[in-house]
Amino acid sequence: GLPRVGAHGVRGRTAVVVKPRAAISWSGGKDCCTALLRTYRDYDVVAMITVFAEDGARSRSHGLRPEVLSAHAERLGVRNLTGRCSWRSYTKEYIRLLSEASAMGITHIIFGDIMGDAHRTWDEGVCAVHGLTAVLPLWGESTRTLVGEFIATGSTAVIVTARCAYLDATWL
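The following paragraphs examine the structure supplied in this document. On a predicted model such as this, the values are computed, not experimentally measured, just so you know. (Residues numbered from 1 in each chain as written. Predicted model: local features only at pLDDT ≥ 70, side-chain atom pairs only at ≥ 80, totals over all residues. Heavy atoms only, no water.)

Turning our eyes to something else, we now look at the packing of helix α1 (residues 30-39) against helix α5 (residues 143-152). Where α1 meets α5, the axes come as close as 10 Å, and the angle between the chain directions of the two elements is 70°. When the axes of α1 and α5 are compared, the pair comes out roughly perpendicular. Contacts from K30, C33, T34 and R38 in α1 reach L146, V147, E149 and F150 in α5. For the contact of α1 with α5, a count of residues per class yields four nonpolar, one polar and three charged. (Axes fitted to C-alpha atoms, helices over the stretch in contact; angles between N-to-C directions. Helix = DSSP H or I, 4+ residues; strand = E, 2+ residues; numbered from the N terminus. Parallel < 35°, antiparallel > 145°, perpendicular 65-115°, else oblique. Contact = heavy atoms within 4.5 Å. Nonpolar A, V, L, I, M, F, W, Y, C, P; charged D, E, K, R; others polar.)

See the structure below:
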């Protein structure tokens, strides 16, 4: 699991620093993983938030099965907050999940968004409904730099979707 408190030496004494309680918006992809790697030392990450399609068979973000995301939560030692919805009701369902997070004493939500003002506005807006703080540790970073950072950690990724314009059938 993730470390819950940090110990810092101050003039020969050890002080325990309680980290802000956080959840991570979890797609299971490399960006949320990199966001977690960048923030877990500074936040007490106790939950992950994932939204599934109405039937619950696949996640909205990458089409992952629930058992894969449950395994992520178990491995990370965090609670798995999940919801089901259509794309049309996604924001409403996400706000409901943030209410659950807030009730757990969570004050910060970590997002793996890198670019797109609409993404940042959405992240900050849904958090504001419950007085939560959006944390965007990857915002504005070069995607090339982030991929290099991800690889350097020894992490691996499985491509589950790709744009045909960039990767044709010869890549299969």
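It is worth spelling out the packing of aromatic side chains at this point. The geometry of two aromatic rings is summed up by the distance between their centres and the angle between their planes. The tally for this structure, following the rule as stated, stands at five aromatic pairs. Ring pairing ties together the aromatic residues W87, Y90, Y94, F111 and W122, which thus form one cluster. (Phe/Tyr/Trp six-rings, centres within 6.5 Å; stacked < 30°, edge-to-face > 60°.)

Let us now look at the pattern of salt bridges. This model, assessed by the stated rule, comprises eight salt bridges. Among the salt bridges present, the one from E141 reaches R38, with a minimum N-O distance of 3.1 Å. Here E141, found in the loop between β7 (133-135) and α5, pairs with R38, found in helix α1; they are 103 residues apart in sequence, far enough to count as distant. Judged by its relative accessible area of 26%, R38 falls in the partly exposed class. Between E67 and R65 there is a salt bridge whose closest N-O contact spans 3.1 Å. Judged by relative accessible area, E67 falls into the partly exposed class, the value being 49%. Judged by relative accessible area, which is 38%, R65 ranks as partly exposed. By sharing partners, the salt bridges in this structure join R38, E141 and E149 into a single network. (Salt bridge = Lys/Arg side-chain N within 4 Å of Asp/Glu carboxyl O. Buried < 20%, exposed > 50% of the residue type's maximum accessible area, 1.4 Å probe, protein only.)

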